[in-house]
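Given next are the chains, with one letter for each unit.
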Amino acid sequence: MRRFFFDLMIGNIVKIDPGGMVFECPEATFVVANEMASHLFVWRDDLRDRDACIRVRNADWREIYRAAVWSENLEKVGWDEM
């Protein structure tokens, strides 16, 4: 099992994940990153339209995936705009 880290990136600012999570399969981190990004879109309206994303990286600091903070709805509607 390997450790992966989920950093929050807002433009060129990076909030480093200090602990990470352990996964057997790297592809499972894609699902987690997408869920995190979706959750942030709903609950953190300050991150909308700010080029925010969740970056997944391995212990060697190599990026393996990015999940944008956006809505699946084409109008990008959040919970407070429905």
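All of the points below concern the structure found in this document.

1. Observations regarding the packing of aromatic side chains
Here a ring pair, both rings aromatic, is described through the centre-centre distance and the interplanar angle of the planes. If you walk through the whole model with that rule in mind, you get three aromatic pairs. Centre to centre, the rings of F4 and F23 are 6.4 Å apart; their planes meet at 65°, and the pair counts as edge-to-face. Residue F4 is found in strand β1 (residues 2–10), and its partner F23 is found in strand β3 (residues 21–23); the two are separated by 19 residues along the sequence. Judged by its relative accessible area of 2%, F4 falls in the buried class. A network of ring pairs unites the aromatic residues F4, F6 and F23 as a single cluster.

2. A few points about the side chain of D7
Tracing the backbone through its elements, the reader meets D7 in strand β1. For D7, a relative accessible area of 0% corresponds to the buried category. At a separation of 2.8 Å, a polar atom in the side chain of D7 contacts the main-chain amide nitrogen of D17. Within polar-contact distance, the side chain of D7 engages the side chain of R55 at 2.7 Å. Those residues in contact with D7 that lie beyond four places of it in its chain are V14, K15, I16, D17, C53, I54, R55 and R57.

3. Side note on the side chain of N58
With respect to the helices, strands and loops of the structure, N58 is situated in strand β4 (residues 52–58). Given the relative accessible area of 14%, N58 is considered buried. For N58, the side chain forms a polar contact with the main-chain nitrogen of D60, separated by 3.0 Å.

What counts as what
Residues numbered from 1 in each chain as written. Predicted model: local features only at pLDDT ≥ 70, side-chain atom pairs only at ≥ 80, totals over all residues. Heavy atoms only, no water. Phe/Tyr/Trp six-rings, centres within 6.5 Å; stacked < 30°, edge-to-face > 60°. Helix = DSSP H or I, 4+ residues; strand = E, 2+ residues; numbered from the N terminus. Buried < 20%, exposed > 50% of the residue type's maximum accessible area, 1.4 Å probe, protein only. Polar contact = N/O pair within 3.5 Å; in protein donor to acceptor, adjacent residues only side chain to side chain. Contact = heavy atoms within 4.5 Å.

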